[in-house]
Structure formats: structure tokens, C-alpha cells
Amino acid sequence: MRAIVKPSAGPGLEMVDVPMPKVGPDDVLLQVKATSICGTDLHIRSWDPWAAAHVRPPLVVGHEMCGIVVDKGANADGPEVGQLVSVESHVVCGRCRFCRTGKGHLCENTQILGVHRDGVYAEYVAVPAINAWPDPPDMPYSIASLQENFGNAVHTVSVPDVAGRKVLVTGCGPVGVMAIAAAKALGARLIVASDLSDYRLKLAATMGADITLNPTRDDVHGTVMDLTEGEGVDVLLEMSGAPPAIAEGFKALVKGGEAALLGLTSHPIQFDLDDNVIFKGASVHGIVGRKLWDTWYEMRGLLRSGAVDLTPVVTHRFALDDFEKAFDLMESGECGKVVMFPDPSDADGPLS
Ligand code: NAD
Ligand code: ZN
């Protein structure tokens with residue numbers, strides 16, 4: 001089968017023929033219908049220090065997907081052959097202290113598809129049956145594919161209390177704009193969004209941001225203070241990992257407010273803990289992955305009720321064969337979510 005692999009330590013990815021995956025007794029074999037690109041995949045292509053420290057080539061990359069169950073191992077429970085599923089990319093052990101206490105997102109033995117074990121940029125992939133999340137058969141493949149990433153947004157938004165509150169979202173990449181939609185659906189009263197890219201700010205407005213600000217020309221702090229009677233926002237959702245955005249976000253947070261941090265800084269940063277957190281009495285939540293499986297149930301509710309429509313987030317579709325072009329576009333930032341199709345005839349919209 002065709003697959004995109006990281007052949008050896010160093011920059012670049014290749015599409016090559018690899019053997020069909022082995023289906024373990026607890027696994028389902030999935031025919032990949034759609035697969036989306038995440039920032040992690042860009043790090044693995046460019047082989048930055050994070051990738052060099054975490055990825056052991058050779059490896060099939062990619063972790064966001066949907067597909068059809070085509071085979072099952074002898075002990076595999078769950079979805080039947082023919083079922084459309086999305087995939088939770090974190091394969092957890094089920095035995096460690098965290099798994100056993102309902103905190104599977106913190107599992108100390110987590111294996112991430114496309115990072116620690118073969119991933120989903122391929123025609124087929126085998127995953128534990130428990131990781132296959134059944135979707136309605138009429139769900140568009142591109143939406144089914146990006147649910148894993150939407151889960152990051154839903155997890156972030158559901159930890160602080162956003163209902164009736166004023167919210168600042170710093171960073172309007174794919175996760176930021178999906179967080180805006182989720183915050184709106186969960187009842188946020190005002191959503192202010194910031195990003196350096198006007199393309200992404202436009203998408204943020206489409207997804208429900210009330211005010212969009214570009215720090216290269218707008219006064220983010222001044223505007224937030226004007227909108228909040230000089231108090232600041234109740235909730236900060238940090239979705240950029242950019243140190244200036246983190247500083248600006250905390251400065252704009254009301255005393256006693258809540259911050260949920262998803263963005264990764266990629267290196268240790270300087271941060272004024274005294275003024276931003278301690279004297280402010282702020283509560284800070286670190287967010288990793290998706291809660292297993294609370295976040296998936298919450299996502300299902302938001303999507304099936306129509307409270308969140310992710311259609312505008314999918315801005316580009318490519319054949320998997322054209323992955324280099326798809327990755328270049330994702331790197332440019334002039335896009336929302338970029339989805340690839342191993343079989344181009346599966347595309348649920350025009351291909352770029
Ligand atoms: P992304 O890189 O596409 O988006 C980040 C956005 O932040 C970009 O649009 C960028 O223009 C914007 N930005 C940069 N500097 C800014 C500033 N000063 N002010 C406002 N915006 C600024 O990333 P994404 O895929 O949307 O993911 C969001 C973040 O979450 C990334 O840092 C990613 O690594 C991280 N992430 C974390 C987890 C987790 O489990 N914690 C999971 C997925 C993604
Ligand atoms: Zn575990």
C-alpha cells in the first residue's frame with residue numbers, strides 16, 4: 001500500500017510502498033478515507049528538535065483520520081466491518097494509575113499514531129478497536145477526519161467555565177477557530193480573538209468571534225479593557241503558544257479569571273508569574289489531548305445537535321499523492337484545516 005513515511009532522521013517525507021499493517025487480536029483494520037494535517041506533522045517533516053527527540057524512523061506519519069472498518073482481530077469489540085469511524089490518536093495502556101482513575105489523557109505509556117507508532121497517512125492502518133469512534137454514515141469525511149483536532153478545542157473550552165462569560169482566544173489556527181465555535185456553543189457572552197494573520201481572523205469571525213484583533217496593528221489590551229469596563233476577560237483560551245500572545249492574554253485576564261493553555265511554546269519561556277497569576281488569583285489549566293472519552297461524547301453532542309458546524313474550517317482538499325503541496329500550504333498559514341484523500345474520488349469537495 002502507499003504511505004507517507006519519515007524514512008530516516010532528518011528533514012523530509014516520502015511516499016513509498018509499505019507492507020499492509022498487521023491486525024492484532026484487539027485491532028480493527030481501517031481503510032483510510034480522509035486524513036488531515038496537524039502542526040505536529042509539520043514538525044516531523046521539518047525535523048525540528050521536538051521531532052528529533054520523539055520520533056524514531058522509519059515510521060508512517062499522520063494521526064488525524066477517518067476510515068471504514070474492513071477487518072477485525074479475533075478479540076476486537078466495537079465497530080463492525082463497514083462502519084465509518086474517526087480515530088483517537090492516543091493509544092493508552094488502560095493499566096497505569098492515570099488510566100485507572102479516568103485520566104487516560106495523561107497515560108504515562110501513551111503511544112501516539114504517527115509519532116511513536118505507524119500513523120494514518122496511508123491507504124490502511126490498524127488501530128486498537130477502542131480507538132475507533134463510530135460516526136454517522138453520512139458525516140462528510142473531511143469533518144470526520146478533523147474530529148481528533150476538534151477534540152483539542154473542545155477539551156480546552158470545557159475546562160474553564162465559559163457560559164455567560166467574556167472570553168479571549170489568542171491564536172486562530174485551526175484549533176483556535178474551532179475553540180471559538182465551541183465557546184459560542186457553550187454560551188460565551190463575548191468572544192474576542194487575536195491572530196497575526198488576517199486570513200485566520202476572517203475565519204475566526206466566520207466561526208463566531210465577535211471582535212477580531214491583529215496585534216500587528218490593533219491594541220489588544222486597550223480594546224479588551226474597553227469591552228470589559230476596564231476589568232479584563234473572564235477566560236483566556238491560549239491557542240498560539242506564542243510568548244507575546246501568552247503575555248498579552250494574561251494581561252487582559254480579569255482578577256480571579258481562568259486561563260486554559262493548549263498552545264505549545266516549543267521552548268521554555270520567560271513569564272511574569274507574580275503579576276499574571278499569583279497577585280491576580282488566576283486559575284491556570286494545562287490542556288493535553290482529549291479526555292478519554294468525555295471529550296468525544298461532548299464533541300458528538302456539539303456536532304450532532306448542530307450547535308457547531310465545522311464546515312468552514314475545512315478550507316482545502318488534496319489528493320494524498322500531492323502531500324508536499326498540502327504541507328506547504330499548511331506551513332504558509334493561509335488556510336484553515338487541510339484534508340487529504342488517499343483515493344481522490346472520496347473527496348467531499350473540490351480538490352486544490
Ligand atoms: P497553529 O500554529 O496553526 O496556530 C497558531 C496561531 O497562533 C497561528 O495562526 C499564528 O498566527 C497565531 N499567533 C502567533 N503569534 C501570535 C500572537 N502574538 N498573537 C496572536 N496569535 C498569534 O496551531 P494549531 O494547529 O491551531 O494549534 C494551536 C496550538 O496548540 C499550537 O501551539 C499547537 O502546537 C498546540 N497543540 C497542543 C495540543 C495539546 O495537546 N496541548 C494539541 C494540539 C495542538
Ligand atoms: Zn495508561
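Above this note sits the structure.
Treat the numbers as computed from the prediction; the structure is a model and nothing was measured. The numbering scheme is per chain: residues are counted from 1 as the chain's sequence reads. The lettering of chains begins at A and the numbering of ligands begins at 1, in the order of writing. Local features in a predicted model are, by the rule used here, given only for residues with pLDDT of at least 70; side-chain atom pairs are given and counted only at 80 or more, and totals for whole chains, interfaces and linings are based on all residues. Side-chain measures were taken over the full set of non-hydrogen atoms in the model, leaving aside hydrogen atoms and water.

Undergrad: What is the right way to read the layout of surface pockets from this model?
TA: Where empty space is left can be seen by rolling a probe of water-molecule size over the atoms. When its volume is computed, the second largest pocket comes out at roughly 340 Å³. Only protein atoms enter the 1 Å grid, on which a cavity is a set of points fitting a 1.4 Å probe that cannot get out and a pocket is an open set with protein on both sides within 12 Å along at least 5 of 7 lines, lining residues being those with an atom within 4 Å of a point. Lining the second largest pocket are 18 residues, and of these Pro-21, Lys-22, Val-60, Asp-118 and Gly-119 sit closest to its centre. Put simply, DSSP marks the helices as runs of H or I at least four residues long and the strands as runs of E at least two long, and each gets a number from the N terminus on. Counting only elements with at least two residues in the lining of the second largest pocket, the list comes to β4 (59-60) and β9 (124-128). Broken down by element, the residue count for the lining of the second largest pocket peaks at four residues, all from β9. Residue polarity follows a fixed list, in which Ala, Val, Leu, Ile, Met, Phe, Trp, Tyr, Cys and Pro are nonpolar, Asp, Glu, Lys and Arg are charged, and the others, Gly among them, are polar. Among the residues forming the lining of the second largest pocket, the class breakdown is twelve nonpolar, two polar and four charged. Grid points are joined across faces, edges and corners, and a volume is the space filled by probe spheres set on the points.

Undergrad: Quick question: what am I supposed to make of the site of ligand 1 here?
TA: Being near a molecule or strand, for a residue, comes down to having at least one heavy atom within 4 Å of it. In the neighbourhood of ligand 1, 20 residues make up the surrounding shell, with Asp-195, Arg-200, Leu-264, Ile-287 and Gly-289 lying closest. The definition of a polar contact used here is a pair of N or O atoms within 3.5 Å, where within protein one atom must be able to donate a hydrogen and the other to accept one, and adjacent residues in sequence count solely through side-chain atom pairs. One nitrogen or oxygen atom from the main chain of Pro-174 is found 3.3 Å from an oxygen atom belonging to ligand 1. Within the backbone of Gly-289, a nitrogen or oxygen atom sits 2.9 Å from an oxygen atom of ligand 1. To be clear on the numbers: accessible area is Shrake-Rupley with a 1.4 Å probe, and residue cover counts the displayed protein chains and nothing else. Coverage of ligand 1 by the protein chains reaches 80% of its 850 Å² of free accessible surface. Residues belonging to the shell around ligand 1 are distributed by class as follows: eleven nonpolar, seven polar and two charged.

Undergrad: I keep staring at the environment of Ala-153 and nothing clicks. Help me out?
TA: For Ala-153, the position within the fold is in helix α5 (residues 147-158). Here the alpha-carbon distance between Ala-153 and Val-81, two residues 72 residues apart in the chain, equals 30 Å. In this analysis, two residues are considered to be in contact whenever any of their non-hydrogen atoms come within 4.5 Å of each other. Aside from chain neighbours lying at most four places away, what touches Ala-153 is Val-175, Met-178, Ala-179 and Met-239.

Undergrad: Explanation requested: helix α8 (residues 220-227) in the structure shown.
TA: An α-helical turn contains 3.6 residues, so any two residues separated by three or four positions project in the same direction. Along α8, the residues that are buried comprise Val-220, Gly-222, Val-224 and Met-225. Buried-residue contacts for α8 involve β12 (190-194), β13 (211-213), β14 (233-238) and α9 (243-251). Between a side-chain oxygen at the N-terminus of α8 and the backbone nitrogen of His-221 the separation is 3.4 Å; the capping residue is Asp-219. Of the residues flanking the end of α8, it is Glu-229, one or two places downstream, whose phi is positive at about 50 degrees. Relative accessible area decides the class of each residue, using a 1.4 Å probe on protein chains only: under 20% of the type maximum gives buried, over 50% gives exposed, and in between gives partly exposed.

Undergrad: What am I meant to see in the coordination of the zinc ion (ligand 2) here?
TA: When four donors bind a metal tetrahedrally, each ideal donor-metal-donor angle is 109.5 degrees, and when six bind octahedrally, the ideal angles are 90 or 180 degrees. Distances from the zinc ion (ligand 2) to its protein donors, namely Cys-93 (SG), Cys-96 (SG), Cys-99 (SG) and Cys-107 (SG), fall within the range 2.3 to 2.4 Å. Coordination geometry of the zinc ion (ligand 2): the four donor atoms subtend angles of 104 to 118 degrees at the metal centre, consistent with an arrangement described as tetrahedral. Ordering the donors of the zinc ion (ligand 2) by residue number gives the pattern C-x2-C-x2-C-x7-C. On the criterion of sequence distance, the pair formed by Cys-93 in the loop between β7 (90-91) and α3 (97-100) and Cys-107 in the loop between α3 and β8 (111-112) is long-range, its members being 14 residues apart. On the basis of relative accessible area, Cys-93 is assigned to the buried category, the value being 16%. Since its relative accessible area comes to 6%, Cys-107 is described here as buried. Distances define the donors: N, O and S atoms within 2.8 Å of the metal qualify, as do those within 3.2 Å of Na, K or Ca. Water is excluded, so some sites may look unfinished. Any site counts as irregular unless it has four donors with all angles between 85 and 135 degrees, making it tetrahedral, or four or six donors with opposite ones more than 155 degrees apart and the rest between 65 and 115, making it square planar or octahedral.

Undergrad: Mind showing me how you'd approach the packing of α5 against helix α6 (residues 174-185) here?
TA: Each pair of packed helices gets described by two things: the angle between the helix axes and the distance between those axes. Angular values range over 0 to 180 degrees, each being the angle between N-to-C directions of two axes fitted as lines to C-alpha atoms, with helices fitted over their stretch in contact. Between α5 and α6, whose axes approach to 8 Å, the crossing angle comes to 50 degrees. By the angle between their directions, the pair α5 and α6 is classed as oblique. Relative to α6, α5 is oriented so that their crossing is right-handed. Within the contact between the two elements, α5 uses Asn-149, Phe-150, Asn-152, Ala-153, Val-154 and Val-157 and α6 uses Pro-174, Val-175, Met-178, Ala-179, Ala-182 and Ala-183. Partitioning the contact of α5 with α6 into residue classes produces ten nonpolar, two polar and no charged. The labels follow the angle: roughly parallel below 35 degrees, roughly antiparallel above 145, roughly perpendicular from 65 to 115, and oblique for the rest. Two helices that cross are described as forming a left-handed crossing if the nearer one is turned anticlockwise from the farther one by less than a right angle, and a right-handed crossing if clockwise.

Undergrad: Is there a simple way to explain the sheet that holds β4 in this structure?
TA: Hydrogen bonds between backbone atoms are what pair the strands of a sheet, whose relative direction is either parallel or antiparallel. Any two strands are treated as partners once DSSP identifies two or more bridges connecting them. The strand order across the open sheet formed by three strands is β2-β1-β4, and the pairing between neighbours is antiparallel. Since the sheet does not close on itself, it has two edges, and those belong to β2 (14-17) and β4, each with one partner. Pairing analysis gives four bridges linking strand β1 (residues 2-6) to β2, with the strands arranged antiparallel. Among the inter-strand pairings, Ala-3 is bridged to a residue of β2, identified as Val-16.

Undergrad: Is there a simple way to explain the packing of aromatic side chains in this structure?
TA: Describing an aromatic ring pair means giving the distance of the ring centres and the angle of the ring planes. Side-chain rings of Phe, Tyr and Trp, where Trp is taken by its six-membered ring, are said to pair if the distance between their centres is within 6.5 Å; with planes under 30 degrees apart they count as stacked, over 60 as edge-to-face, and otherwise as tilted. Per the counting criterion, the structure on display carries seven aromatic pairs. Arranged with centres 6.2 Å apart and planes meeting at 5 degrees, the rings of Trp-133 and Trp-293 form a pair that is stacked. Placement of the pair is Trp-133 in strand β10 (residues 132-134) and Trp-293 in the loop between β16 (283-286) and α11 (294-304), with a sequence separation of 160 residues. Using a relative accessible area of 7% as the deciding quantity, one classes Trp-133 as buried. Ring centres of Phe-250 and Phe-271 lie 5.0 Å apart, and the angle between their planes is 75 degrees; this geometry places the pair in the edge-to-face category. Of this pair, Phe-250 sits in helix α9 while Phe-271 sits in the loop between β15 (253-261) and α10 (273-278), and the two are 21 residues apart along the sequence. Of the residues examined, Phe-250 reaches a relative accessible area of 1% and is grouped as buried. Overall, Phe-271 belongs to the partly exposed group, its relative accessible area being 29%.

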